[in-house]
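Understanding the architecture of this molecule
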Amino acid sequence: MNDTPRFGTAGLADSYTVKKFDPAAIAAYTAGFGLTAFEYQCGRGVRLAHDKAAALGAACAERGIALSVHAPYYISMSSLEEDKRLHSIDYLLQSCALVKALGGRRVIFHSGSCGKQSREEALEKALDTMARAVKACDEAGFEDCILCPETMGKVNQLGTLDEVLALCEVDPRITPCIDFGHLYARSCGVQFADATAAADYAALLDTLAARLGDDRAVHFHAHFSRIAYTKGGEKCHLTFADTAFGPPHAPLLALLRERHLAPTIICESAGTQAEDAAALAQGYAAL
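Below you will find a few notes about this structure. Just so it is clear, the structure is predicted and the values come from calculations on it, not from any experiment. (Residues numbered from 1 in each chain as written. Predicted model: local features only at pLDDT ≥ 70, side-chain atom pairs only at ≥ 80, totals over all residues. Heavy atoms only, no water.)

**Examining the environment of Leu 256**
Within the secondary structure, Leu 256 sits in helix α8 (residues 250–259). Among the residues examined, Leu 256 registers a relative accessible area of 0% and is labelled buried. When the C-alpha positions of Leu 256 and Val 218 are compared, they lie 9.1 Å apart, and in sequence the two are 38 residues distant. With residues near it in sequence (within four places) discarded, Leu 256 still touches Pro 5, Phe 220, Leu 261, Pro 263, Ile 265 and Tyr 284. (Helix = DSSP H or I, 4+ residues; strand = E, 2+ residues; numbered from the N terminus. Buried < 20%, exposed > 50% of the residue type's maximum accessible area, 1.4 Å probe, protein only. Contact = heavy atoms within 4.5 Å.)

**Describing the packing of helix α1 (residues 23–32) against helix α2 (residues 50–61)**
The contact between α1 and α2 brings their axes to 8 Å, and the two run at 35°. The element α1 and its partner α2 pack so that their crossing is right-handed. Between α1 and α2, the residues in contact are Pro 23, Ala 24, Ile 26 and Ala 27 and Ala 55, Leu 56, Ala 59 and Cys 60, respectively. Looking at the contact of α1 with α2 residue by residue, the classes come out as eight nonpolar, no polar and no charged. (Axes fitted to C-alpha atoms, helices over the stretch in contact; angles between N-to-C directions. Left-handed = near helix turned anticlockwise from the far one by under 90°. Nonpolar A, V, L, I, M, F, W, Y, C, P; charged D, E, K, R; others polar.)

**A word on the pattern of salt bridges**
Between side chains of opposite charge, a pair can form when the charged atoms approach closely. Under the counting rule described, the total for this entry stands at 12 salt bridges. Connected through shared salt-bridge partners, Glu 82, Asp 128 and Arg 132 make up one network. (Salt bridge = Lys/Arg side-chain N within 4 Å of Asp/Glu carboxyl O.)

**Things to note about the sheet that holds strand β2 (residues 37–41)**
Strands sit in the order β5-β4-β3-β2-β1-β10-β7-β6 across an open sheet of eight strands; the sheet is parallel. Of all the strands in the sheet, just β5 (146–149) and β6 (177–179) have a single pairing partner and so form its edges. With strand direction ignored, the average angle separating the axes of adjacent strands in the sheet is 25°. Where β6 and strand β7 (residues 221–224) come together, three bridges link them in parallel fashion. (Pairing = 2+ DSSP bridges.)

**Side note on the environment of Ala 53**
Within the secondary structure, Ala 53 sits in helix α2. Expressed as a C-alpha distance, the spacing of Ala 53 and Ala 185, which sit 132 residues apart in the sequence, is 33 Å. Discounting residues that sit within four places of it in the chain, Ala 53 has contacts with Leu 48, Leu 98, Ala 101 and Leu 102.

**Side note on the packing of aromatic side chains**
In this structure the tally under the stated criterion is 11 aromatic pairs. With a centroid separation of 5.0 Å and an interplanar angle of 70°, the aromatic rings of Tyr 16 and Tyr 29 are classed as edge-to-face. With a gap of 13 residues between them, Tyr 16 in the loop between β1 (6–10) and α1 and Tyr 29 in helix α1 connect regions that are remote in the sequence. By the ring-pair criterion, three or more aromatic residues cluster together here, those being Phe 180, Phe 192, Tyr 201, Phe 224 and Phe 240. Its guanidinium or amino end placed over the ring of Tyr 284, Arg 257 lies 4.1 Å from that ring's centre, counting from NZ or CZ. (Phe/Tyr/Trp six-rings, centres within 6.5 Å; stacked < 30°, edge-to-face > 60°. Lys NZ or Arg CZ within 6 Å of the ring centre and 35° of its normal.)

Right under this line is the structure:
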């Protein structure tokens, strides 16, 4: 396991211009920015053939790049409809099969929304679905895969820090994906505002240590980008050049260095994720 953070991208940035699927080119492009992680995007479905995944995994392994998979966006572990919850487990299984073909372990997913039920009721359904998903993964031979529920950016979505950590408590393998931009947006810019960012990041990291109490608090998964928001939370992802919105990254990097934490941080900037991930990596290295 890495003893310093890994930095990488969610998919390929706009500056990547190769039109065909080229594992060697993807790996070279990613490594060219000094990055050591890559999150393959399956938001609209798991569609990459496993032989192509294996080729990408091999090319990235040669350059020390760790791979993860973002599962389909339409997962809903808290749905009022049982069929949708069961299909969500199937999507996680498909994502696990792909991440294994890639040579990775982590599958990141959105838990769903509250809909026409209370947050408590939605979480209760999600916890049940989470337990079923862990059992299904074990039965399918994916016991070495790591499921990573993500903190979410819209107020009506299931995905506060407390809700994500509750899902992580279902099984010691479940690892949080802390999306700092999402938490900033769902708080309407209050959490991780410039003036309080250092204290807010410290409080979150303290909560991870207290609630998880194990290696997951050191090697957690994370997403980072600046995000615009409205009163309902997340509006859209921005670039690091768009400074009207946060959160700032420098206080977080300083705390990771100070506390010897080594998460995998995936940059989700809008089109400049490689350039902005490189800025994160360089900022950490300069500390």
